Amino acid sequence: MYISYGNQQSPYKAFAEKLGDQIRAALPEVKHVENPDTDGGADNLYRLEDPGPQFHDPKATRCSIAMTKLNVAVDATYGVYQFNPRPTLAEGPATPRTQNQIPGLQTVGPAFDDLLQIVVRDRNITRLEQLCGRPLSIGLPLSGSRQLTAVFYRAVCGQEMEGGQEKVYEMTLDHGFDLLDAGAVDAVIWVNATPTETIRKKIETHRSHLLDVNVPSYVIDRDGESMTVLDRMNRDWKNFYGPRAGGEYRDQQVVLSHEIPAEDYGTAHDIMTIGVPNGLVVRDSTDATLVAAVARILLSRENRDALTTSLWSADRTHRHQLADVGKYVYDVASSLFCYVPLHPAAADVYRQFGLPPQSCGTT
């Protein structure tokens, strides 16, 4: 089977490897788990159609799982942004492809929340507006980081990232930090789980630091309106999906307020930022036995502890925890589970554990 998690620098690499071990323990018929190297969350969803030509596996679509931001899975379902049919070239490990809508996506469950992280070298950069019109490294073209950063930039700067005179570099973290070191970009921005030891060392090695700004409550005054970044980003979602989803639309915040604990990067205090839920997504044709096994893994305290340790092995007492399945299905991300519904096999498992998914009627 295949678990697509992103590229080698993703914190979810260790998570995907541990999840593969747990799946093989639960399903002895699974002999081998591949982890294709991809551009990120959007590319991971494309891999549900084809994990990669190098595998030549006709059964792949029945045995594939994608890790992605759940809002990106909604984009794929509606065929917008990175899934709006048009040619695109990816500069990372993904094969250049034509973008397309992906029908039949279903959710297995939540993993963790991906958090916005901004790294700069210039100590004079202390405000979000200073990022506007500046050269930035924002993640690979088919990454979820690139998509959420675009929404963040629109909320802060009032324009699209492609407009104006700014230079946008769609690259890996390695290349982004090299550009930061060379003075070619003013910030490296990505949205993912925090942190890995590799990324923490990159920040130290490149003599940079995490921008210490309270992003959710940061107020932007524009066009006669005074609104926080968090409210602007959620209004962007509502304005975009309200008309498209019609009767399926649910008026709930998708971009959430989160904190990056001080111990993650050795900051003086916790840093408030924004984030979106990351989860496991499959196709409606994915093997039901596999989906049920993964749902049970997400509910098992022993397995959850092992997955948590895989993400944050450097700090066993870490405050980060995997997302609570019941809370997310009922509350935090419930609307996202309506746009991209739970796979029936996963829903059955949750019911067995006293967690019946809520109705997705119009609210």
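Rules used in this analysis
- Residues numbered from 1 in each chain as written.
- Predicted model: local features only at pLDDT ≥ 70, side-chain atom pairs only at ≥ 80, totals over all residues.
- Heavy atoms only, no water.
- Buried < 20%, exposed > 50% of the residue type's maximum accessible area, 1.4 Å probe, protein only.
- Helix = DSSP H or I, 4+ residues; strand = E, 2+ residues; numbered from the N terminus.
- Pairing = 2+ DSSP bridges.
- Salt bridge = Lys/Arg side-chain N within 4 Å of Asp/Glu carboxyl O.
- Disulfide = S-S within 2.5 Å.
- Expected span 1.5 Å × (residues − 1).
- Polar contact = N/O pair within 3.5 Å; in protein donor to acceptor, adjacent residues only side chain to side chain.
- Phe/Tyr/Trp six-rings, centres within 6.5 Å; stacked < 30°, edge-to-face > 60°.

Asks: What is the right way to look at the pairing of strand β2 (residues 64–69) in this model?
Replies: Each regular strand displays side chains that alternate between the two surfaces of the sheet. When you tally the buried positions in β2, you get six out of six residues, the bulk of the element. Judged by which residues are buried, β2 turns out to be covered on both faces: Ser64, Ala66 and Thr68 on one side and Ile65, Met67 and Lys69 on the other are all buried. Bridge count between strand β1 (residues 2–4) and β2: three bridges; the pairing is parallel. Bridge pairing in β2 links Tyr2 to Ser64. In this sheet, strand β13 (residues 271–283) lies alongside β2 in antiparallel orientation, the contact comprising four bridges. From the neighbouring strand, Ala66 faces β13, where its bridge partner is Val281.

Asks: So what exactly am I meant to see when it comes to the pattern of salt bridges here?
Replies: In a structure, side chains of opposite charge can pair up when their charged atoms sit close to one another. As enumerated under the stated definition, the model contains 17 salt bridges in all. As a salt-bridge pair, Asp287 and Arg62 come within 3.1 Å of each other at their nearest N and O atoms. Here Asp287, found in the loop between β13 and α9 (288–299), pairs with Arg62, found in the loop between α2 (41–46) and β2; they are 225 residues apart in sequence, far enough to count as distant. Arg62 gets classed as partly exposed once you look at its relative accessible area, which sits at 39%. We note a salt bridge from Glu160 to Arg154, for which the minimum N-O separation is 2.8 Å. By relative accessible area, which is 38% here, Glu160 ends up partly exposed. Overall, Arg154 belongs to the buried group, its relative accessible area being 18%.

Asks: Sorry if this is basic, but what is going on with the state of the cysteines here?
Replies: Inspection of every chain in the model, using the stated rule, returns one disulfide. A sulfur-sulfur distance of 2.0 Å marks the disulfide that ties Cys132 to Cys157. Here the S-S torsion is close to -90°, and the disulfide linking Cys132 with Cys157 is therefore left-handed. Placement of Cys132 in the loop between β5 (105–120) and β6 (136–137) and of Cys157 in helix α4 (residues 144–157) is noted, with a sequence separation of 25 residues between them. Judged by its relative accessible area of 16%, Cys157 is buried.

Asks: Can you help me understand α9 in this one?
Replies: The periodicity of an α-helix, 3.6 residues per turn, causes residues three or four places apart in sequence to face the same way. Its 12 residues give α9 an end-to-end C-alpha distance of 17 Å, which sits within 8% of 16 Å, the value for a rise of 1.5 Å per residue. Leu290, Val291, Ala292, Ala293, Val294, Ala295, Ile297 and Leu298 are the residues of α9 that are buried. Backbone nitrogen of Thr289 and a side-chain oxygen of the N-cap are separated by 3.1 Å at the start of α9; the cap is Asp287.

Asks: Which parts of the structure should I look at to understand unusual backbone geometry?
Replies: Among all residues save glycine, negative phi is the norm, and among peptide bonds the norm is trans. Despite not being glycine, Arg207 has its phi angle at roughly 50°, a positive value. Following the sequence through the fold, Arg207 ends up in the loop between α6 (197–205) and β9 (209–210). Overall, Arg207 belongs to the exposed group, its relative accessible area being 56%. Here the phi dihedral of Asp223 falls at roughly 55°; this positive angle occurs in a residue that is not glycine. Locating Asp223 in the fold gives a position in the loop between β10 (219–222) and β11 (225–228). Residue Asp223 is classed as exposed on the basis of its relative accessible area, which comes to 73%.

Asks: Help me understand the pairing of β10 in this model?
Replies: Pairing geometry for β10 and β11, over four bridges, is antiparallel. Within the sheet, the bridge partner assigned to Val219 lies in β11 and is Thr228. Linking two consecutive strands that pair antiparallel, namely β10 and β11, is a turn of two residues; a positive phi of about 55° is found at Asp223 within it.

Asks: For this particular structure, what's the right way to read helix α7 (residues 229–245)?
Replies: Along its 17 residues, α7 runs 24 Å from first to last C-alpha, staying within 8% of the 24 Å computed at 1.5 Å per residue. Listing the buried residues of α7 in full gives Val229, Leu230, Arg232, Met233, Asn234, Asp236, Trp237, Phe240, Tyr241 and Ala245. Trailing α7 by a residue or two, Gly246 shows a phi angle of about 60°, which is positive.

Asks: Looking at this structure, I do not really get the packing of aromatic side chains. What am I missing?
Replies: How two aromatic rings sit relative to each other is set out by the distance from centre to centre and by the angle between their planes. Tallying each qualifying case throughout the model produces 10 aromatic pairs. Here the aromatic rings of Tyr46 and Phe83 are separated by 5.1 Å at their centres, their planes lie at 35°, and the arrangement is tilted. Note that Tyr46 is positioned in helix α2 and Phe83 in the loop between α3 (70–78) and β3 (87–88), a separation of 37 residues in sequence. Neither residue differs from the other here; Tyr46 and Phe83 are each classed as buried. Three or more aromatic residues joined by ring pairs make a cluster, and in this case those are Tyr78, Tyr81, Trp237, Phe240, Tyr241 and Tyr339.

Asks: Would you explain the environment of Pro195 in this entry?
Replies: Mapped onto the secondary structure, Pro195 falls in the loop between β8 (187–192) and α6. Its relative accessible area of 6% is what places Pro195 among the buried residues. Separated by 157 residues in the primary sequence, Pro195 and Gln352 have C-alpha atoms spaced 34 Å apart.

Function cannot be inferred from these measures alone, as they are strictly geometric.
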